[in-house]
Amino acid sequence: MTVKSKQLTIAIQGVPGSFHHQVAQQYFGEDIAVGGYHTFEEVAKSVGNETADFAVMAIENSIAGAILPNYDIIDRHGLYVFDEYYLPISHNLLTWPGQKIEDIHEVRSHPMAILQCKVFFAKYPHITLVDDVDTAYVAKVIADGQKLGVGAIASPKAADFYGLEILAGNIQTVQNNFTRFILLQKEKPVLKEIPTKVSLKITIHNQKGGLAKLLTLMSEHDLDLTKIQSIPVINKPWEYAFFIDTLIGDYDRYQEAIELINESFGVVKIFGEYQNRKG
C-alpha cells in the first residue's frame, strides 16, 4: 500500500492568478494547496497558528522599494525566513474580451502595481487609476461580473486563469522589474549549508553615533548591506530599530559581529539565515 504524502498548504496574500500564487507554485511545485488571504497580517497568522505550512510574502520591488510593514509583521508573529525568491514582474492591462483601450475608463490594481505603470497610463488621461487590494483579485471581479469599461493591472497568469484579454502587455515603466519574495515558516530553520545572506532586526541603544558604529562594525566584518530600513521603538523616544538584509562574506566573522553588537550597543534578532538568490 502506498501512503500519499501530505499536501503542503502555502499561505499567500491575494487570490489564484496573483504573483504570490505564481511564486508558490514555482517554488513548491504545482501540487500544493494555496490559502489566499486579504492581508499580509492574515498570511502571517496562518503560519503562526499552523493553518498553513509555509508562506510566500513580497518584501521589496526593484522599482517601488521595500514593503516596510511586512518586516514588522514578521517580527510580531515570530516567523523565520528560510529562503528568498526573485520573480520578474510582467504587468499587463487585462479586460473582458472584445474591448479597445478607448472603451476603458477605469483601471484598478494594487497600489504598487499602479506605481510601476504610471508612465504607460500617462498616455491615456481618460483612464482613472484606482487602488485596490490585489492585482489578480481585480481580474477575478472583472471576470465574475463580465465588467465592461474596467481594466486590471495583473499578470499573464491571471489573464489565463480568469479568461481575460491582454489589451496591452509589459506595461511596467522599467522592463527589468523584479519583486523579491521571502519564504516563511514558524519554526527556526535547521541550516543545511553555510548561509550567504541574513535578515536582522537591530535595536540600537540611545547613544551618540550608534548607527555609525553599527555600520562600521558590519563593514569591518565583511557584511555587505543590501537593505536597511528604520522604525522608531514604541515607548522609547529617540531609539530606533533597523531591519537589515546583509550578505555574509565570512560566516565566522558574521557571528563575531553579532556578538559584538549585542555586547556593545544594540540588541540583535535574527529573522533568518539563508542563501542569496540574486544572480
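1. Concerning the overall build of the protein
Logical step 1: Check the secondary structure of the protein and you find nine helices and 15 strands.
Logical step 2: Dimensions of the protein, computed from the C-alpha atoms along their principal axes, are close to 65 × 60 × 35 Å.
Logical step 3: In the protein, which comprises 279 residues, the proportion classed as buried is 48%.
Logical step 4: Once local pairs closer than 6 in sequence are excluded, the contacts in the protein between residues at least 24 apart make up 76%.

2. Digging into the sheet that holds strand β13 (residues 223-232)
Logical step 1: Read across the sheet, four strands follow the order β13-β14-β12-β15 without closing on themselves; strand pairing throughout is antiparallel. Only two strands of the sheet have a single partner each, and these edge strands are β13 and β15 (266-274). Ignoring which end each strand starts from, the neighbouring axes of this sheet average 20° apart.
Logical step 2: Relative to strand β14 (residues 240-248), strand β12 (residues 197-204) is paired through eight bridges, and the arrangement is antiparallel.

3. Some details on unusual backbone geometry
Logical step 1: Phi at Asn170 is positive, roughly 50°, even though this residue is not glycine.
Logical step 2: The backbone phi angle of Asp222 is positive, close to 65°, even though this residue is not glycine.
Logical step 3: Along the chain, the position of Asp222 falls in the loop between α8 (210-220) and β13.

4. Focus: the packing of aromatic side chains
Note on aromatic pairs: each is described by the distance of the centres and the angle between the planes.
Logical step 1: Under the counting rule described, the total for this entry stands at eleven aromatic pairs.
Logical step 2: The interplanar angle of 15° and the centroid separation of 5.5 Å between the aromatic rings of Phe28 and Phe54 together place this pair among those described as stacked. Taken as a pair, Phe28 in helix α1 (residues 19-28) and Phe54 in strand β3 (residues 54-61) lie far apart in primary sequence, 26 residues in all.
Logical step 3: On the basis of relative accessibility, which here comes to 18%, the residue Phe54 falls in the buried class.
Logical step 4: Summarising the aromatic geometry, the rings of Tyr251 and Tyr254 are spaced 5.4 Å apart at their centres and angled 45° between planes, so their arrangement reads as tilted. Of this pair, Tyr251 and Tyr254 both sit in helix α9 (residues 251-264), three residues apart, which is roughly one turn of the helix. Of the two residues examined, Tyr251 and Tyr254, each falls in the buried class.

5. Considerations on the packing of α8 against α9
Helix packing geometry: the angle between the two helix axes and the distance between the axes.
Logical step 1: With their axes 9 Å apart at the nearest point, α8 and α9 run at an angle of 160° to one another. Taken as axis vectors, α8 and α9 run roughly antiparallel relative to one another. Considering how the two elements wind past one another, α8 and α9 form a crossing that is right-handed. Contact residues: α8 offers Leu214, Leu217 and Glu220, while α9 offers Arg253, Ala257, Leu260 and Ile261.
Logical step 2: Along the lines of polarity and charge, the residues of the contact of α8 with α9 split into five nonpolar, no polar and two charged.

6. Observations concerning the sheet that holds strand β6 (residues 92-95)
Within a sheet, each strand pairs with its neighbour through backbone hydrogen bonds, oriented either parallel or antiparallel.
Logical step 1: The strand order across the open sheet built from five strands is β8-β7-β9-β6-β10, with neighbouring strands paired in mixed fashion. Two strands bound the open sheet, and with one partner strand each, they are β8 (128-131) and β10 (165-168). With strand direction ignored, the average angle separating the axes of adjacent strands in the sheet is 35°.
Logical step 2: Here strand β7 (residues 106-109) runs beside strand β9 (residues 150-154); their pairing, made up of three bridges, is parallel. Pairing of Arg108 across the sheet is with Ala152, part of β9.
Logical step 3: The strands touched by helix α6 (residues 135-145) are β6, β7 and β9; relative to β9, the strand with the most contacts, the crossing angle is about 150°.

7. Describing the side chain of Asp245
Logical step 1: Within the secondary structure layout, Asp245 lies in strand β14.
Logical step 2: Take Asp245: its relative accessible area is 1%, and that puts it in the buried class.
Logical step 3: Only 2.6 Å separates the side chain of Asp245 from the side chain of Ser199, close enough to count as a polar contact.
Logical step 4: The residues contacting Asp245, other than those within four sequence positions of it, are Glu60, Tyr71, Arg180, Lys197, Val198, Ser199, Asp224, Leu225, Thr226, Lys227 and Tyr274.

Definitions and cut-offs
Residues numbered from 1 in each chain as written. Predicted model: local features only at pLDDT ≥ 70, side-chain atom pairs only at ≥ 80, totals over all residues. Heavy atoms only, no water. Helix = DSSP H or I, 4+ residues; strand = E, 2+ residues; numbered from the N terminus. Buried < 20%, exposed > 50% of the residue type's maximum accessible area, 1.4 Å probe, protein only. Contact = heavy atoms within 4.5 Å. Pairing = 2+ DSSP bridges. Axes fitted to C-alpha atoms, helices over the stretch in contact; angles between N-to-C directions. Phe/Tyr/Trp six-rings, centres within 6.5 Å; stacked < 30°, edge-to-face > 60°. Parallel < 35°, antiparallel > 145°, perpendicular 65-115°, else oblique. Left-handed = near helix turned anticlockwise from the far one by under 90°. Nonpolar A, V, L, I, M, F, W, Y, C, P; charged D, E, K, R; others polar. Polar contact = N/O pair within 3.5 Å; in protein donor to acceptor, adjacent residues only side chain to side chain.

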